[in-house]
Amino acid sequence: MSVRIYISRDSGALCVGAQEVAMQFFKLAEQKGLDIEIVRTGSRGMYWLEPLVEVARPEGRVGYGPVKPSDVEELIGAGMLDGKAHRLSLGLVEEIPFFKSQTRLTFKHCGIVDPRSLEDYKAHGGYKGLAKAIEIGPEATVEEVVNSGLRGRGGAGFPTGFKWRTVAATPPQQKYIVCNADEGDSGTFADRMIMEGDPFVLIEGMTIAGIAVGASYGYVYIRSEYPDAVEAMEIAVRAARAGGMLGKNIAGSKYDYDMEVRMGAGAYVCGEETSLLESLEGKRGEVRAKPPLPAHVGLFGKPTVINNVLSLASVPIIMIDGAEFYKNFGMGRSRGTMPIQLAGNIKHGGLYETAFGITLRALVDEVGGGTRTGRPVRAVQVGGPLGAYFPRELFDTPFDYEAFTAADGLIGHGGIVVFDDTVDMAKQARFAMEFCAIESCGKCTPCRIGSTRGVELVDKIVAGENREANLVVLEDLCHTMKLGSLCALGGFTPYPVMSALTHFPEDFGAKKKRLEAAE
Ligand SMILES: Cc1cc2nc3c(=O)[nH]c(=O)nc-3n(C[C@H](O)[C@H](O)[C@H](O)COP(=O)(O)O)c2cc1C
Ligand code: SF4
């Protein structure tokens, strides 16, 4: 019987040489007449171990990594096909502490299934969630999602079930499901991992959403920087259609649902839901004023559910194991699990799915192992470019929407970017304003003009020019942007700026003196 080897085709693995490693296995297998089968999976999310090669053994998958093409011959010679030890041995992959300590619900199959095979997805329990939704019908499906406590994983944390209920309540007509896969936040890659590693779970989640609210068509809007994810999704959509899981009478039921993949053109603001809808309609990505909500007047003026990849990909497990099961994880009003992404200057960067409630300290120091440079951690930015910077004093904050809001921060899409003690926080504050100036859609003044004035102000403060007065103006400007912007791009840019100023005043020159004087 041939030996099965798993190598990721996730773009995070490809960019460190996974393709070359796979090719080397193919080449040597042919030369040496080895009976091996190579399955290209998604990533397990332990990026410091990529390219990771896993060998199927009766006791589980045994891992070796990070593997270079030049290691392959030696590995085969050492008996890796029989799971034997080598300097790159990692033992059973699922026993590696980073992996073992997770609660994988949304990412249950990522890194395990063949993302191009509908049969493999089904063999691992795929499409059981859809079967349940078909069995219990639209209303009960919406209620199951409501009861699970699932909140949108794209950033705002709005209850997914409530959104579905609103669309379901609109009169029967053409309705749409739109999946937001723009994933523009710094340090985030969970959406990409799902699309590349387990695309059918997203298709299944979108199909369930379609049945639940009475929408017969859907779109996945993927950022242009994700060509591998676009390819993976297109292949999976075709396979699902060919297998009767998309199109007319899906899975032999009375329901019709089909979908397609669309690529963005590279603007952060196109991740904002109304801007995304404009872009999908072929227009310039400019934010729409709300109301009306997309749930009432969305894509092409029709009622639309717009959800993040992770929100939709969490639905099948909720349908299979039930709202009660899912709700049992988490704390407060943050229920279930969150796929947290550890990035930046961190030793063990990757995807860590766990129940809400884990502290920042546990995530950064224990799970992530501190900085890659070995220097002390000085700050982390949580929630993308609009998220606050947290100093070590706030590391006991639990990963929970409300706890982060109370600490003047946000969870966003679950990205954590780590900085060591060489970071200049005044530069980071300047960067936040500059980012906003570049990415602003230009519709409203506080964001369009305010961000450029913000860059100038930080420059003046750092240069010591009228510092005290300019600090007051900067705070005032942040206040105006926060309250006067139409969307969260202008409205949340003050978070990184003000958190840098509040927690790291020494980087802004005389600020410390000013804060002390104010006390
Ligand atoms: C500037 C800006 C960028 C955003 N980018 C994204 C994004 O890349 N992906 C995403 O899912 N949501 C993004 N959002 C949030 C969306 O507007 C929206 O809340 C989300 O798609 C709703 O899905 P959810 O409820 O499942 O989170 C962004 C919001 C803003 C203001
Ligand atoms: S805050 Fe900025 S991005 Fe948002 S609508 Fe206003 S100008 Fe556009």
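Here the structure is a predicted model, which means the values were calculated and not measured. Residue numbers run consecutively from 1 along every chain, following the written order of its sequence. Chain A is the first chain written and ligand 1 is the first ligand written, with later ones labelled in order. Per-residue local features are limited, in this predicted model, to residues with pLDDT of at least 70; the limit for side-chain atom pairs, both in listing and counting, is 80 or more; totals at the level of whole chains, interfaces and linings are taken over all residues. Side-chain figures throughout are based on the complete set of non-hydrogen atoms in the structure, without hydrogens or water.

A. Broad picture of the sheet that holds strand β6 (residues 176-181). Strands pair, by our definition, only if DSSP identifies at least two bridges between them. Counting from the N terminus, the helices are DSSP H or I runs at least four residues long and the strands are E runs at least two residues long. Spatial strand order, β8-β7-β6-β9: 4 strands in an open sheet with parallel pairing. Every interior strand has two partners, whereas the edge strands, β8 (258-263) and β9 (304-308), have only one. Recorded for the sheet is a direction-independent mean angle of 20 degrees between the axes of neighbouring strands. In the sheet, strand β7 (residues 217-222) pairs with β8 via 6 bridges, with the strands oriented parallel. Counterpart to I222 in the pairing with β8 is M263. Note on contacts: a residue pair is in contact if any heavy atoms of the two residues lie within 4.5 Å. All axes are obtained by fitting lines to C-alpha atoms, using only the stretch in contact for helices, and the reported angles, taken between N-to-C directions, cover 0 to 180 degrees. Against the sheet, helix α10 (residues 199-213) engages β6, β7, β8 and β9, with an angle of about 150 degrees to β6. Against the sheet, helix α11 (residues 227-242) engages β7 and β8, with an angle of about 165 degrees to β8.

B. Quick peek at the site of ligand 2. The environment of ligand 2 is formed by 13 residues, the closest being C441, K443, C444, C447 and C487. Considered class by class, the residues forming the shell around ligand 2 number 8 nonpolar, 4 polar and 1 charged. Working definition: residue near molecule or strand if any one of its non-hydrogen atoms lies within 4 Å of it. In this classification, Asp, Glu, Lys and Arg are treated as charged, Ala, Val, Leu, Ile, Met, Phe, Trp, Tyr, Cys and Pro as nonpolar, and every other residue, Gly included, as polar.

C. Seen up close, the packing of helix α7 (residues 138-148) against helix α8 (residues 160-168). In the contact formed by α7 and α8, the axes pass within 7 Å of each other and the chain directions differ by 155 degrees. In terms of orientation, α7 lies roughly antiparallel with respect to α8. Both α7 and α8 take part in a crossing whose hand is left-handed. For the pair α7 and α8, contact is made by V142, E143, V145 and V146 and by T160, G161, F162, W164, R165 and A168, respectively. Counted by class, the contact of α7 with α8 contains 6 nonpolar, 2 polar and 2 charged residues. Orientation is classified from the angle alone, with under 35 degrees giving roughly parallel, over 145 giving roughly antiparallel, 65 to 115 giving roughly perpendicular, and any other angle giving oblique. Should the near helix be turned counterclockwise from the far one by less than a right angle, the crossing is left-handed, whereas a clockwise turn marks it as right-handed.

D. Representation of the site of ligand 1 in the model. For ligand 1, the set of nearby residues contains 19 residues, the closest of which are G154, N180, N307, N308 and S311. Counted as a polar contact is a pair of N or O atoms within 3.5 Å, where, for protein atoms, one must be capable of donating a hydrogen and the other of accepting one, and residues adjacent in sequence contribute only when both atoms are in side chains. Contacts to ligand 1 include R153, whose backbone N or O atom sits 3.4 Å from an oxygen atom. Within the contact set of ligand 1, an oxygen atom lies 2.6 Å away from a side-chain nitrogen or oxygen of S311. Surface accessibility in these figures is a Shrake-Rupley result with a 1.4 Å probe; residues are shielded only by whichever protein chains are displayed. For ligand 1, the protein covers 91% of the area, taking 610 Å² as the surface of the free molecule. Residue assignment for the shell around ligand 1 shows that the elements contributing at least two residues are β9 and α22 (488-492). Here the element with the most residues in the shell around ligand 1 is β9; it accounts for 3 residues. Counted by class, the shell around ligand 1 contains 4 nonpolar, 9 polar and 6 charged residues.

E. Quick peek at the pattern of salt bridges. The term salt bridge refers to a pairing of a side-chain nitrogen on Lys or Arg with a carboxyl oxygen on Asp or Glu at a separation within 4 Å. For the coordinates displayed, the defined rule picks out 35 salt bridges. Here K443 and E286 are joined by a salt bridge, their closest N and O atoms 3.9 Å apart. Note that K443 is positioned in the loop between α18 (425-439) and α19 (445-448) and E286 in the loop between α12 (273-280) and β9, a separation of 157 residues in sequence. When the shortest N-O distance is used, the salt bridge between D421 and R375 registers 2.7 Å. Of this pair, D421 sits in the loop between β16 (415-420) and α18 while R375 sits in the loop between α16 (360-367) and β14 (377-382), and the two are 46 residues apart along the sequence. For D421, a relative accessible area of 33% translates into the label partly exposed. Partly exposed residues are those whose accessible area sits between 20% and 50% of the maximum for their type, while under 20% is buried and over 50% is exposed, using a 1.4 Å probe and protein chains only.

F. Region of the structure containing the domain arrangement of the protein. Each assigned domain of the protein is listed here: domain 1 (3-100), domain 2 (118-326), domain 3 (329-420) and domain 4 (425-508). Taking the mean C-alpha position of each, domain 2 and domain 4 sit 34 Å from one another. Counting residues at the interface gives 10 residues for domain 2 and 7 residues for domain 4. Buried area adds together the accessible area that both of two parts lose upon being put together, with accessible area traced by a 1.4 Å probe. Of the roughly 720 Å² buried at the junction of domain 2 and domain 4 (both faces included), carbon and sulfur atoms supply 70%. The largest share of the area that domain 2 buries against domain 4 comes from Y268, V269 and V287, three residues that together contribute 60% of it. Here domain 2 and domain 4 share 1 salt bridge between them. For the pair domain 2 and domain 4, the interface holds 3 residue pairs in polar contact (both at pLDDT 80 or more). Classifying every residue of the side of domain 2 that touches domain 4 gives 5 nonpolar, 1 polar and 4 charged. Segmentation into domains, and thus their bounds, comes from an automatic or database assignment.

G. Region of the structure containing the pairing of strand β3 (residues 53-57). Bridge count for strand β1 (residues 3-8) against β3 is 3 bridges, and the pairing is antiparallel. Bridge assignment links I7 to a residue of β3, and that residue is V53. Pairing of β3 with strand β4 (residues 60-64) involves 5 bridges; the strand directions are antiparallel. Its bridge partner lying in β4, E54 is registered against G63.

H. Inspection of the nonpolar core at higher detail. One finds W164, M195, L202, I203, V220 and I222 to be the most contacted residues of the largest nonpolar core, which totals 63 residues. Of the residues forming this core, the biggest block, 10 residues, is contributed by α10. Not counting residues within four places of it along the chain, the set of residues in contact with I222 comprises A181, M195, A229, V230, M233, V261, R262, M263 and G264. Counting 35 residues, the second-largest nonpolar core is a separate cluster that includes V417, L477, A500 and F504. To form a nonpolar core, buried Ala, Val, Leu, Ile, Met, Phe, Trp, Tyr and Cys residues must be joined to one another through side-chain atoms within 4.5 Å.

I. Molecular detail of the sheet that holds strand β2 (residues 36-41). Overall, mixed pairing links the 5 strands, which are arranged β2-β1-β3-β4-β5 in an open sheet. Only two strands of the sheet have a single neighbouring strand rather than two, namely β2 and β5 (89-92). Taking each pair of neighbouring strands and ignoring which way they run, the sheet shows an average axis angle of 25 degrees. The pairing of β4 with β5 spans 3 bridges and is classified as antiparallel. Paired with V62 across the strands is L92, a residue of β5.

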